[in-house]
Amino acid sequence: MNQVVFIELINPFKDKVFRLAKRLLTSTEEAEDATQEIMVKLWNKKDNLESYNSVEALAMTMTKNYCLDQLKSKRASNLQIVHNNFTDRQPQLDKKLEDQDSLEWVEKIINEMPEQMQLLIQLRDVEQYEFEEIAKIVNMNETAIRVALSRARKKIRESMTNTHLYGTK
């Protein structure tokens, strides 16, 4: 496989690799390093990539594992997972403030969840992967993923409802 073929193969999903790395590592610089590292690893496997059903799933799995290894090596248990991929279409100021407040609460709720739930929410609700692809990436069965996502969403819903009914927690 030459460089042109390799680039055509990885181009459709390299931004997803970066977003997942950014989600897990929070630092843009670390996410860029992780993305570059994954691309180098893929390049080193270039002659065997045809043997994989989904090179994208392989790349996402490699990214997840690399980032988790980075977090473990730094003992970064006190790092936060931050999500700032939201776009704004200039709504009214009060709506914009309300939306921002809600996003901050959802982000806070998600950050309090176990790491695996955070990863599942990122892959399904942000990156919009299919359950089959997520199962390959996180090495879980699809039913377990659906249950975990359902519980995570329920927790977010309940926390948001309690916040809006009773004020700030």
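Model, not experiment: these values are computed from the prediction.

On to the nonpolar core, then. Judged by nonpolar contacts, the single largest core of 45 residues is most densely connected at Leu42, Leu120, Leu123, Val138 and Ile145. Secondary-structure elements contributing two or more residues to this core are α1 (3-10), α2 (14-25), α3 (28-44), α4 (55-74), α5 (93-111), α6 (115-126), α7 (131-138) and α8 (142-166). Here leucine 120 is in contact with Asp125, Ile134, Val138, Met140, Ile145, Ala148 and Leu149, once residues within four sequence places are set aside.

Attention now moves to unusual backbone geometry. If you check the backbone angles, glutamine 128 has positive phi at about 65° while not being a glycine. Counting through the fold element by element, glutamine 128 comes out in the loop between α6 and α7. On the basis of relative accessible area, glutamine 128 is assigned to the exposed category, the value being 59%. Within the chain, asparagine 139 stands out as a residue other than glycine whose phi angle is a positive 60°. With respect to the helices and strands, asparagine 139 occurs in the loop between α7 and α8.

Moving on, we come to the packing of α6 against α7. When two helices pack together, their arrangement is given by the angle between their axes and by how far apart the axes lie. Where α6 meets α7, the axes come as close as 10 Å, and the angle between the chain directions of the two elements is 145°. Considering how the two elements wind past one another, α6 and α7 form a crossing that is right-handed. Seen from α6, the contacting residues are Leu119, Leu120, Leu123 and Arg124; seen from α7, they are Phe131, Ile134, Ile137 and Val138. When its residues are assigned to classes, the contact of α6 with α7 shows 7 nonpolar, no polar and 1 charged.

Positionally, glutamate 127 belongs in the loop between α6 and α7. On the basis of relative accessible area, glutamate 127 is assigned to the buried category, the value being 5%. In this structure the side chain of glutamate 127 is engaged in a polar contact, spanning 3.0 Å, whose partner is the side chain of arginine 19. Residues contacting glutamate 127, with those up to four places away along its chain left out, are Lys16, Arg19, Leu20 and Gln122.

Definitions and limits used
Residues numbered from 1 in each chain as written. Predicted model: local features only at pLDDT ≥ 70, side-chain atom pairs only at ≥ 80, totals over all residues. Heavy atoms only, no water. Core = buried A, V, L, I, M, F, W, Y, C linked by side-chain atoms within 4.5 Å. Buried < 20%, exposed > 50% of the residue type's maximum accessible area, 1.4 Å probe, protein only. Helix = DSSP H or I, 4+ residues; strand = E, 2+ residues; numbered from the N terminus. Contact = heavy atoms within 4.5 Å. Axes fitted to C-alpha atoms, helices over the stretch in contact; angles between N-to-C directions. Left-handed = near helix turned anticlockwise from the far one by under 90°. Nonpolar A, V, L, I, M, F, W, Y, C, P; charged D, E, K, R; others polar. Polar contact = N/O pair within 3.5 Å; in protein donor to acceptor, adjacent residues only side chain to side chain.

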